[in-house]
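Structure at a glance
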Amino acid sequence: MLPGILGKKIGMTQVYDENDVLHPVTVVQAGPCTVMQVKNTDTDGYDAVQIGFEDCKPHRSRKPQIGHAGRAGVRAKKHLREIRLPEPAGEDIRAGETYGVEALEGVEYVDIIGVSKGKGFAGVMKRHGFSGQPASHGAEKTHRSAGSIAGHASNAGLGGDIKKGKRMAGHMGVDRTTTRHHKLIGIDKENNLLLIKGPVPGAKGQVVMVRKSKTARIR
Amino acid sequence: MSDELLKKATESTRKKSVPEFSIGDTVGVAVRIVEGDKERQQVFTGTVIARKGAGVSETFTVRRIVNNEGVERVFPVHSPRIADIRVVRSAKTRRAKLYYLRDRVGKATRLKHADSKKARRPAGAPAGDERTEPAERE
């Protein structure tokens, strides 16, 4: 079976489980995903599977895309992702095959890989969790600023350099983000929906990868 | 489109039919209580002072006075633990949320009585007006 599939974040809601407990869930419309290419150690130097999600309109796809998809015998796709495999792909993963949400059947925990929402130019409190400055006790104008960034002689010689990688304000968000071990609450095969416990990175409509959790302990 | 999919995702956990009740009604809410392997029902009776949310997340707040102390419980409309909602008495209200009842005691907490749904319908509204139908609020 495929180690993961691509899907679109639909939004959040709540569902009850069989013990009448209400769970917050993110609904992801996942698949159908097509295997575009199977890579192996002999030809590519490593084992991986490339999957595609959503057909691209013919007039919007370029010739290399069409050619690449043609090798798997399918239409060009909007989104392509590669997943590394620990061992050579089994017989059940072949180029051109299509998988839906059933690829995650029986999986208890999943990891989600997505792109986080953009936060714009963010200050150090939001971006790095700094404490900021006091709200009162004589603090003037600086309540959310970072404080000192280096000493006068921080690099031994006078003049002082600011250390590389010093955390400061700047652009935040739109990063590849992985959130791990979400419980997979439900699978709706009819509508290709996955119900994943908790919030998932990214905005609604964003493409996310859902894969069997690598780190969740099996109980 | 995404709203439709959200609805489909929660279809299995939503109740097929929810008893009709509105703000100001005095209701008896039968709650299933599981103790170990025994199960019993407890009825909480009071005035509905708010209905919030939509779809599977919809909740309503019931207020009553116990031992001279105001008690409010918030119930999810679609919770499987809620066995039954029975309307004891209906009232006519001019507010969607009756939070002002929290500042009142005794006689001041009485609401205008409404015998039928006709009385709740604003004057001059056509008979087919469904704005007061709770089912439409989803």
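One structure accompanies this document, and this report is about it. In this text, all values refer to a predicted model and were calculated from it rather than measured experimentally.

When you go through chain B residue by residue, the secondary structure sums to two helices and seven strands. Listed N to C, the secondary structure of chain B is α-β-β-β-β-β-β-β-α in terms of helices and strands. Taking all 138 residues of chain B together, the buried fraction comes to 33%. For chain B, restricting intrachain contacts to residue pairs at least 6 apart in sequence, the fraction spanning at least 24 positions comes to 51%. Of the roughly 8900 Å² that chain B leaves accessible, carbon and sulfur atoms contribute 46%.

Listed by partner, the interface residues are 16 residues for chain B and 15 residues for chain A. Summing the contributions of chain B and of chain A, the shared interface buries around 1300 Å²; its carbon and sulfur component is 64%. If you sort the residues of chain B by the area they bury against chain A, Leu 5, Leu 6 and Ala 9 of chain B come out on top, with a joint share of 36%. For the pair chain B and chain A, the interface holds two salt bridges. For Asp 20 of chain A, the salt bridge identified is with Arg 81 of chain B, shortest N-O distance 3.0 Å. Where chain B packs against chain A, one counts four residue pairs in polar contact (both at pLDDT 80 or more). Residue contributions to the side of chain B that touches chain A peak at five residues, all from helix H1 (residues 2–9) of chain B. Class assignment of the residues belonging to the side of chain B that touches chain A gives a composition of seven nonpolar, six polar and three charged.

Further remarks concern the sheet that holds strand E2 (residues 22–30) of chain A. All names here are of chain A. The strand order around the closed barrel built from six strands is E1-E2-E11-E10-E7-E12, with neighbouring strands paired in antiparallel fashion. Looking at each pair of strands side by side, their axes are set apart by 50° on average, direction ignored. Strand direction decides the pairing type here: strand E7 (residues 109–115) and strand E10 (residues 176–188), joined by six bridges, are antiparallel. Note that in E10 the partner of Gly 114 across the bridge is Thr 177.

This part takes up the pattern of salt bridges. The tally for this structure, following the rule as stated, stands at twelve salt bridges over all chains. Linked by salt bridges that have partners in common, Asp 20 of chain A together with Arg 32, Glu 39 and Arg 81 of chain B make up one network.

What follows is about the side chain of Gln 50 of chain A. All names here are of chain A. Mapping Gln 50 onto the fold places it in strand E4 (residues 48–55). Polar contacts involving the side chain of Gln 50 include one to the side chain of His 68, which spans 2.6 Å. When near neighbours in sequence (up to four residues on either side) are disregarded, Gln 50 contacts Thr 34, Val 35, Met 36, Gln 37, His 68, Leu 80, Arg 81 and Glu 82.

Residue and element names in this part refer to chain A. Strand order in the open sheet formed by four strands is E5-E4-E3-E6, and the pairing between neighbours is antiparallel. The open sheet has two free edges, formed respectively by strand E5 (77–84) and strand E6 (98–99), since each of these has just one partner strand. Two strands pair when backbone bridges link them, and E4 and E5 are joined in this way by seven bridges, in the antiparallel orientation. Residue pairing for E5: Phe 53 is matched across the bridge by His 79. Running over the sheet, helix H2 (residues 63–71) touches strand E3 (33–39), E4 and E5 and is turned about 85° from E3.

Moving on: unusual backbone geometry. Phi at His 137 of chain A is positive, roughly 55°, even though this residue is not glycine. Of note in the backbone geometry, His 181 of chain A takes a positive phi value of approximately 25° without being a glycine.

All names here are of chain A. Counting residues in hydrophobic clusters, the biggest one holds 29 residues, and the most contacted among them are Leu 2, Leu 194, Ile 196 and Val 210. Going through the elements one at a time, strand E1 (4–16), E2, E3, E4, E7, strand E11 (193–197) and strand E12 (207–212) are the ones with two or more residues in this core. Apart from the residues within four sequence positions on either side, Leu 2 is in contact with Val 35, Val 49, Ile 51, Ile 93, Tyr 99 and Ala 103.

We now examine the pairing of strand E1 (residues 26–35) of chain B. All names here are of chain B. Inspection of the sheet shows E1 paired to strand E2 (residues 38–52) by ten bridges, in the antiparallel sense. Paired with Arg 32 across the strands is Gln 41, a residue of E2. Taking the residues that link successive antiparallel strands as the turn, the E1-E2 hairpin has two residues, and the phi of Gly 36 there is positive, at about 65°.

Moving on, we get to the pairing of strand E4 (residues 69–76) of chain B. Judged from the eight bridges that link them, strand E3 (residues 59–66) of chain B and E4 of chain B form a sheet pairing that is antiparallel. Residue pairing in the sheet places Phe 60 of chain B in a bridge with Phe 75 of chain B of E4 of chain B.

For the rest of this paragraph, the subject is a positive patch on the surface. On the surface, a cluster of positive charge is contributed by Lys 117, Lys 119, Lys 126, Arg 144 and Lys 204 of chain A. Positionally, Lys 117 of chain A belongs in the loop between E7 and strand E8 (120–122).

A few words on the side chain of Arg 63 of chain B. Within the secondary structure, Arg 63 of chain B sits in strand E3. A polar contact is formed between the side chain of Arg 63 of chain B and the side chain of Glu 72 of chain B, at a distance of 2.9 Å.

About the cut-offs
Here the residue index of a chain counts from 1 through its sequence in written order. Lettering of chains starts at A and numbering of ligands starts at 1, both following the order in which they are written. Selection of residues for local features in this predicted model requires a pLDDT of at least 70, selection of side-chain atom pairs for listing and counting requires 80 or more, and totals for whole chains, interfaces and linings are taken over all residues. The side-chain numbers reported here are obtained from all heavy atoms of the structure, hydrogens and water having been left aside. Runs of H or I in DSSP of at least four residues are treated as helices and runs of E of at least two as strands, each being numbered from the N terminus. The classification of residues rests on relative accessible area computed with a 1.4 Å probe and restricted to protein chains. Under 20% of the type maximum is buried, over 50% is exposed, and intermediate values are partly exposed. Any two residues having at least one pair of non-hydrogen atoms within 4.5 Å are treated as being in contact. Using a 1.4 Å probe, the Shrake-Rupley method yields the accessible areas, and only the shown protein chains count as cover for residues. Note on terms: buried area is the combined drop in 1.4 Å-probe accessible area of two parts once they are placed together, counting the loss on both. Each reported salt bridge corresponds to a side-chain nitrogen of Lys or Arg within 4 Å of a carboxyl oxygen of Asp or Glu. We call two N or O atoms a polar contact when they sit within 3.5 Å, provided that within protein one can donate a hydrogen and the other can accept it, with sequence-adjacent residues counted only if both atoms are side-chain atoms. Under this grouping Gly is polar, as are all residues other than the nonpolar Ala, Val, Leu, Ile, Met, Phe, Trp, Tyr, Cys and Pro and the charged Asp, Glu, Lys and Arg. Two strands pair under a simple rule: DSSP has to find at least two bridges between them. Axis lines are fitted through C-alpha atoms, for helices just across the contact stretch, and the angle between N-to-C directions can take any value from 0 to 180 degrees. By convention a nonpolar core is built from buried Ala, Val, Leu, Ile, Met, Phe, Trp, Tyr and Cys residues, the set being connected through side-chain atoms within 4.5 Å. The patch calculation keeps residues exceeding 30% relative accessible area without a salt bridge and links them within 9 Å when they carry like charges or within 5 Å when they are nonpolar (Val, Leu, Ile, Met, Phe, Trp, Tyr). A positive count includes Lys and Arg, and a negative count includes Asp and Glu. His and the chain ends are not counted in either. Each charge is placed at NZ for Lys, CZ for Arg, CG for Asp and CD for Glu.

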